Amino acid sequence: MGGPNLEIFKFGMYILFPIGVMYYFGTNLDGRFSVPDFWPKEGQTHRIPYEKDEMLGEIERLKARRLALRAKRLEEEARSRERQQPDEQ
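- Going by an unreviewed UniProt entry, the protein chain carries the name Mitochondrial cytochrome c oxidase assembly factor and comes from Glonium stellatum.

And the structure:
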């Protein structure tokens, strides 16, 4: 194939290849290529607080959580120190 025939062939491929791909895969691309339940639902994600009261409530919740974890950590450290003291004497 040389000359004008090659150009006509290339033009035909440039036009028909994308049309052929679209025809083969069809219009239901979401059904073919999607993973069911990939994105989390509204209730499964965090909700960002925008109001001042919601922000203060979130800050209080985080502070209480941090203090509870700190108290638990200090309690575990005290227990481990108690276990180590009899060994040292």
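**Description of the pattern of salt bridges**
Phase 1 of the analysis: Evaluation of the coordinates by the stated rule reveals seven salt bridges.
Phase 2 of the analysis: Two residues, lysine 10 and glutamate 7, come together in a salt bridge whose shortest N-O distance is 3.6 Å. On the criterion of helical spacing, the pair formed by lysine 10 and glutamate 7 is a turn pair, its members being three residues apart in helix α1 (residues 4–25).
Phase 3 of the analysis: For glutamate 7, a relative accessible area of 46% translates into the label partly exposed.
Phase 4 of the analysis: A salt bridge links glutamate 58 to arginine 61; the nearest nitrogen and oxygen atoms lie 2.6 Å apart.

Conventions we followed
Residues numbered from 1 in each chain as written. Predicted model: local features only at pLDDT ≥ 70, side-chain atom pairs only at ≥ 80, totals over all residues. Heavy atoms only, no water. Salt bridge = Lys/Arg side-chain N within 4 Å of Asp/Glu carboxyl O. Helix = DSSP H or I, 4+ residues; strand = E, 2+ residues; numbered from the N terminus. Buried < 20%, exposed > 50% of the residue type's maximum accessible area, 1.4 Å probe, protein only.

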